[in-house]
Structures are given as C-alpha cells and as structure tokens.
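Descriptive analysis of the structure
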Amino acid sequence: MPRNRNTFSSLAAWRRRTVARAVQGAWHWAQKAGSVTAEHPGKLRFRRLGAGTRLAFPQGTVFGERWIEIGECCIIAEQVTLTAGMLPGLDLGTETVLTLGDGVVLGRGSHVIADTTVTIGSDTYCGPYVYITSTNHSYDDPDEPIGRQWPRSEPVSIGPGCWLGTGAVILPGARIGRNVVVAAGAVVRGEVPDHSVVAGAPARVVRSWDPEKGWQPPLRTPAPVPLPADVTAEQLAALAAWEVEQGEVGQVAAGQGEVEQGEVGQVAAGQGEVGQVAVEQAEAGQVAAEQASTSS
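Residues numbered from 1 in each chain as written. Predicted model: local features only at pLDDT ≥ 70, side-chain atom pairs only at ≥ 80, totals over all residues. Heavy atoms only, no water.

1. A few points about a nonpolar patch on the surface
Quick reminder of the rule: In this analysis, a patch consists of residues with relative accessible area above 30% that form no salt bridge, clustered at 9 Å for like charges and at 5 Å for the nonpolar side chains Val, Leu, Ile, Met, Phe, Trp and Tyr. Throughout, the Shrake-Rupley method with a 1.4 Å probe supplies accessible areas, and for residues the shown protein chains are the sole cover considered. Any Lys or Arg side-chain nitrogen located within 4 Å of an Asp or Glu carboxyl oxygen qualifies as a salt bridge. Put simply, DSSP marks the helices as runs of H or I at least four residues long and the strands as runs of E at least two long, and each gets a number from the N terminus on.
Taken together, the side chains of Met86, Leu87, Leu90 and Trp150 present a nonpolar region at the surface, about 460 Å² in accessible area. Secondary-structure assignment places Trp150 in the loop between β13 (135-136) and β14 (152-153).

Here is the structure:
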C-alpha cells in the first residue's frame, strides 16, 4: 500500500511540473508575441513609435494613440497606462498631447494621464507605479460630489535625465528641470530646479547642486567609478564570466571550510569524550581508594 501512495504522489508531482512548464512556456510566448514595437504595433497606432522601443505585454490602458509620440529605445514595462484625452474617441486637435523622448523608461504599473500636454524628456527613468497626470479633481462646490465636478488640467513637463522613484506622483502644473531625482513616494507640484533632489509630500528640495561646492548637503557615498570609454562588449562578458567563476570558487571554498570545521569539531568532541571517560575513571579510583582505607 505505501508503494501505491508513492506512485500516485510521483505521478501527481510529474503532472504539476509538466503543467507548470507548459503554462510558463505559453506565457513567455505570449509576452514576446504581445509586445508592441514599431515593426509590430498590433492594433495601436501611435503618432510616432521610435525604433528600438518596446511596450511589454500585457499593456495597461492605452487610448488616444494618435496624439501620443514615443521616441527611440524606450522601455515601457508591463501594465503601463498611456492615455491622451479624458475618454477614448475624442478629437484632440492637431497637436501632440503626450510626448516621451528617446530612452525613456516607465516601470511596471506606471500611469501617464495626459488630458492636456505632458512632456517627458529623453533618458528619464521612472520606477514602478509612478503616476504622472495633467488632471486633478476639483472640489470648489462643497455640496456637489467631488467626482461630478469638472476637473482642473495643467500641462506637465519633466526635463531630460531625471529619475523618478517608485510610487512618485507628479501633479498637474509640475515643471521638473533636468537631471532631477524625485524620491520614492514623493508628491510633486510646482517648479523643481535643475540638478536637485526632492522628497516628501508635498515634495521639497532636500539636496541641490552648486557649481562651486558640488552637492549640498554633500553625498554620503563615494561616486561610482565609470567604465572606461574604450571597454568592449566582449571584455564586459569576460568580466561577468570571471565574477561568476569567482563566486563558484568562493562557494566551494566555503563548503570545504565548513567540512574541515565540522571534522575538527568532531575530533574535538571525541577528545572531550575521551577526557570525560578519564575523569570518570579517576573519580572511580579515588572512591575505591577511600573505601579500602575505611575498611582497613
């Protein structure tokens, strides 16, 4: 009977593994087939979709593509929402409403809502779940539900080379300069100067660049050493392989050290047992001697 249970258990495990491989393989195929590129735009017809840009599958809500321009070599992760206009099917005129420069990265689950002009400069990186909107609810009338009141819209501009951390919120009317760091969870409105770091809700400048003094307050960590300009892809691949090899060597050495320490511990434990036996024998001899002297 136990053998039958083992057989059924092994068969069930084999089925689970087979189904898991099939599902993962199908999902990988769907991700490749469902991604959007300039060569394979699917049903999405952007005003411009640059070469080397990819929208990962599955996409979030996307509409108003006729008024959306996306530059070259952009990375749009899964479940990213890109919208121009409040609703699908609206005529927004002749001008572009939402513009993403070259090399823009939008992390998973991010939203860019452009009811009026939104511009994101080249090489701006956004972490997951960043929310950028040109429209916000209004609550002028205290008697009317907020969701039924007409919203306010103001253009949003984000300069090139910025980094927006996870969960950052960029509100209508924000004007962010170039090479700005927006901390995770920050809520940004108004103007942010070039080369600054903002954090908090509402966001405020916590660090800025001075041409004479550098970053103020100073950075707490040293600057990373950049790669040499003449380094090749082959050299980087060789370096990566060497690091992997060193990691494996370190694991083997750690394993050998554990084995050696274990053997030493076993020897020490054996010696301790021998010493304990010797102590017990000595105590027994002492007791025998005392008994002999008493009887005499």
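2. Comments concerning the environment of Trp163
Short version of the rule: Only heavy atoms matter for contacts: two residues are in contact if any of them lie within 4.5 Å across the pair.
Locating Trp163 in the fold gives a position in strand β16 (residues 163-164). C-alpha separation for the pair Trp163 and Asn179, spaced 16 residues apart in sequence, amounts to 7.3 Å. If sequence neighbours within four positions are ignored, Trp163 has contacts with Tyr125, Val180, Val181 and Val182.

3. A short note on the pattern of salt bridges
Inspection of every chain in the model, using the stated rule, returns 4 salt bridges. Linking Arg48 and Asp102 is a salt bridge whose minimum nitrogen-to-oxygen distance equals 4.0 Å. Of this pair, Arg48 sits in strand β1 (residues 48-49) while Asp102 is found in the loop between β7 (98-100) and β8 (105-106), placing the two residues 54 residues apart along the sequence.

4. Points about the packing of aromatic side chains
Let me state the cut-off plainly: Aromatic contacts are taken between Phe, Tyr and Trp rings whose centres are within 6.5 Å, Trp giving its six-membered ring; a plane angle under 30 degrees counts as stacked, one over 60 as edge-to-face, and the others as tilted.
A complete count under the given rule lists 2 aromatic pairs for this structure. When the centroid spacing of 5.6 Å and the interplanar angle of 70 degrees are considered together, the rings of Trp209 and Trp215 count as edge-to-face.

5. Remarks on the sheet that holds strand β22 (residues 196-199)
Applied cut-off: Should DSSP find at least two bridges between two strands, the strands are taken to pair.
The sheet built from 9 strands is open, its strands ordered β2-β5-β8-β11-β16-β19-β22-β23-β24 with mixed pairing. With partners counted over all chains shown, the strands left at the sheet margins are β2 (54-55) and β24 (214-216), one partner each. Note: β8 against strand β11 (residues 125-126), 2 bridges, orientation parallel. Within β11, the residue paired with Leu106 across the bridge is Cys126.

6. Quick word on the pairing of strand β6 (residues 81-84)
Going by this rule: Accessible area is worked out with a 1.4 Å probe on protein chains only. A residue is then buried under 20% of its type maximum, exposed over 50%, and partly exposed in between.
Residue alternation in β6 divides its side chains into two sets, Thr81 and Thr83 and Leu82 and Ala84, and both sets are buried. Strand direction decides the pairing type here: strand β3 (residues 62-63) and β6, joined by 2 bridges, are parallel. If you follow Val62 over to β6, its bridge partner there is Leu82. Two elements, β6 and strand β9 (residues 111-114), share 4 bridges in a ladder whose sense is parallel. Within β9, the residue paired with Thr83 across the bridge is Ile113.

Function-wise, these values are silent; they only describe arrangement.
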